[in-house]
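The primary structure of each chain is shown beneath.
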Amino acid sequence: MDILSWIILGLLAGVIAKVLLPGRDPGGLIGTTLIGIAGAFVGGWISARFLDRPISNQFYDGPTWLAAIGGSLVLLVAYRILFGHSRSR
């Protein structure tokens, strides 16, 4: 997959992670979108590096999507823990 495919996958993974973890995010829509993109890269890297599951070159590969969504969930939870209370409510 090329970089544009990873960005699109990250956008979609961020949306799915947001649906799975509803609530108020400190960064809003743009922050959640960027976390989704970063999560796709992190999830893919973790999958290839530590889980011995190489990333497929196909956009519709299930394990690639699971890695991207998992990475997005991890980053979204970490972001909420670190920056969740920085805004006045």
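Scroll up for the structure.
Anyway, here's the lowdown on the structure attached to this text. (Residues numbered from 1 in each chain as written. Predicted model: local features only at pLDDT ≥ 70, side-chain atom pairs only at ≥ 80, totals over all residues. Heavy atoms only, no water.)

## Digging into the packing of helix 1 (residues 3-20) against helix 3 (residues 62-83)
Note the threshold: Angles here are taken between N-to-C directions and fall from 0 to 180 degrees, while the axes themselves are lines fitted to C-alpha atoms, restricted in helices to the stretch in contact. Helix numbers and strand numbers start at the N terminus; a helix is a DSSP run of H or I with at least 4 residues, a strand a run of E with at least 2. Roughly parallel refers to an angle under 35 degrees, roughly antiparallel to one over 145, roughly perpendicular to one between 65 and 115, and oblique to any angle outside these ranges. Throughout, a crossing is termed right-handed when the near helix is turned clockwise from the far one, and left-handed when it is turned anticlockwise from it by less than a right angle. When checking whether two residues touch, look at their non-hydrogen atoms; a contact exists if any pair is within 4.5 Å.
Contact geometry of helix 1 with helix 3 gives a least axis separation of 8 Å together with a crossing angle of 60°. The pairing of helix 1 with helix 3 is recorded here as oblique in orientation. Taken as a pair, helix 1 and helix 3 cross one another with a handedness that is right-handed. Here helix 1 contributes Trp-6, Leu-9, Leu-12, Ala-13, Gly-14, Ile-16, Ala-17, Lys-18 and Leu-20 to the contact with helix 3, which in turn contributes Thr-64, Trp-65, Ala-68, Ile-69, Ser-72, Leu-73, Leu-76 and Arg-80.

## A closer look at the side chain of Ser-72
This is how it is decided: For every residue, the accessible area (1.4 Å probe, protein chains only) is compared with the maximum for its type, and the residue is labelled buried under 20%, exposed over 50%, or partly exposed between those bounds.
Considering the arrangement of structural elements, one finds Ser-72 in helix 3. Residue classification places Ser-72 among the buried residues on the basis of a relative accessible area of 1%. Leave out the neighbours within four places in its chain, and Ser-72 touches Ala-13, Gly-14, Ala-17, Ile-35, Gly-36, Gly-39 and Ala-40.

## Some thoughts on the packing of aromatic side chains
Rules: Within 6.5 Å between ring centres, the rings of Phe, Tyr and Trp (the latter by its six-membered ring) count as paired, and their orientation is classed by plane angle as stacked under 30 degrees, edge-to-face over 60, tilted in between.
For the structure on display, the rule yields one aromatic pair. Relative to Phe-50, the ring of Trp-45 lies with its centre 5.3 Å away and its plane at 90°, an arrangement referred to as edge-to-face. For Trp-45, a relative accessible area of 52% gives the class exposed.

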